[in-house]
Amino acid sequence: MIEDACLSKTSGPLGPDGVYADIIVPADTNFARTHVMVHGGMHTGACWLQTADNREGWAIRLARTGDRVICVDWPGCGRSGYVPPEKLTGQLVADQIAAAVKTLKGEIILWTHSMGGAIGWRIAELLAGRVSRLVAVAPGPPGNIQPAAKLMSQGPDRLVMEFAGVPLDVHPNGPVVLSHEAARAKLIGSSTQFPRQHTDSYLAGLQAVPRQLFLERINFEGQQLRMLTPNALAGTQVLIVTGDSDPDHPPATDSAIGDFLTEQGMISRFVYLPDHDITGNGHMMMLERNSDQILDLLVVLINESQKISPTQT
């Protein structure tokens with residue numbers, strides 16, 4: 001959704017493995033920074049481009065500040081194409097996105113959301129020294145600190161997990177497809193900022209989640225991606241962003257991620273939106289009515305962090 005000639009947008013494969021990306025570039029700016037945006041489960045990189053009520057999304061608005069923005073689709077998902085289920089793991093997703101980012105020049109700011117959070121911690125490790133900042137929006141924690149999801153029952157042909165407060169079947173030979181009830185509870189919940197008149201069209205566009213990636217996300221049998229190299233990201237600045245109407249991301253849970261990252265030498269700041277007079281946001285804050293207000297805050301915090309060196313914190 002680009003309404004004037006100030007920006008140019010291209011789409012297609014990026015990097016040696018052909019990860020699909022939307023690339024938005026300011027037309028008349030020699031950009032020094034690139035924002036790489038990694039989506040969460042049930043979505044594609046398109047979630048960064050346009051809000052649920054059809055306004056410009058964060059990616060477009062970031063590009064209007066003069067930076068290049070790249071929104072990727074996970075390998076094996078969305079427009080990045082098919083990967084055989086037996087090969088599709090979180091590690092493969094992280095490896096291929098990291099390889100694509102390595103082809104870019106200049107400063108990299110990595111954005112992640114939700115299920116993409118755990119993938120993003122690993123991407124950042126693989127790109128140690130290249131990522132200056134990481135913005136993690138309602139992120140999944142690394143497997144180092146994530147508890148396992150509740151297993152309600154297990155049989156030879158399915159698992160039944162508790163997810164977003166409702167039972168969810170995980171079958172052995174197919175992706176995980178959330179009912180509209182479960183998706184609504186997880187992604188919209190009690191948000192007062194989600195434009196409810198667009199709920200049906202939003203839910204209709206959700207994607208299935210590959211089985212192995214889902215099992216990793218719920219840390220089934222300890223499978224969640226872990227950060228593997230202590231202090232590999234020492235000095236990297238991180239913003240962890242949480243709203244007040246996201247039931248799976250209470251402040252104590254997401255701030256604990258920041259505590260773990262601080263132990264790894266990262267410079268972590270927990271951004272609880274109500275502390276900045278921004279309220280009512282659920283899990284999909286980049287799609288909600290006050291998304292512009294949230295992004296304006298994050299851009300200020302990103303630019304402030306440029307002025308802070310590790311020795312000043």
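My aim in this report is to walk through the structure given alongside it, one point at a time.

Scoring rules and cut-offs
- Residues numbered from 1 in each chain as written.
- Predicted model: local features only at pLDDT ≥ 70, side-chain atom pairs only at ≥ 80, totals over all residues.
- Heavy atoms only, no water.
- Pairing = 2+ DSSP bridges.
- Helix = DSSP H or I, 4+ residues; strand = E, 2+ residues; numbered from the N terminus.
- Axes fitted to C-alpha atoms, helices over the stretch in contact; angles between N-to-C directions.
- Salt bridge = Lys/Arg side-chain N within 4 Å of Asp/Glu carboxyl O.
- Buried < 20%, exposed > 50% of the residue type's maximum accessible area, 1.4 Å probe, protein only.
- Core = buried A, V, L, I, M, F, W, Y, C linked by side-chain atoms within 4.5 Å.
- Contact = heavy atoms within 4.5 Å.
- Phe/Tyr/Trp six-rings, centres within 6.5 Å; stacked < 30°, edge-to-face > 60°.

Reading across from one edge, 1-2-4-3-5-6-10-11 is the order of the eight strands in this open sheet, with mixed pairing throughout. The open sheet has two free edges, formed respectively by strand 1 (7-14) and strand 11 (267-272), since each of these has just one partner strand. Here the average twist between neighbouring strands, direction ignored, is 20 degrees. Looking at chain direction, strand 3 (residues 33-38) and strand 5 (residues 107-113) are connected through six bridges and run parallel. Note that in strand 5 the partner of V36 across the bridge is L110.

Another point: the pattern of salt bridges. For the structure on display, the rule yields 14 salt bridges. Among the salt bridges present, the one from D53 reaches R55, with a minimum N-O distance of 3.1 Å. For D53, a relative accessible area of 22% puts it in the partly exposed group. Note on R55: relative accessible area 22%, which makes it partly exposed. In this structure, R79 engages D73 in a salt bridge whose closest nitrogen and oxygen atoms are separated by 2.9 Å. Via salt bridges that share partners, D53, R55, R61, D292 and D296 belong to a single interconnected network.

What follows deals with the nonpolar core. In terms of nonpolar packing, the biggest core is built from 98 residues, with W58 and W111 touching the most fellow members. When residues of this core are assigned to their parent elements, the largest contribution, seven residues, is made by helix 8 (residues 291-305). In contact with W111, not counting residues within four places along its chain, are H35, V36, M37, V38, W58, L62, V135, L295, L298 and I302.

Moving on to the packing of aromatic side chains. Taken as a whole and assessed by the stated rule, the structure comprises four aromatic pairs. Plain terms: the ring middles of F270 and Y272 are 6.1 Å apart, the flat faces sit at 15 degrees to each other, and that makes the pair stacked. Judged by relative accessible area, which is 29%, F270 ranks as partly exposed. Residue classification places Y272 among the buried positions, given a relative accessible area of 18%.

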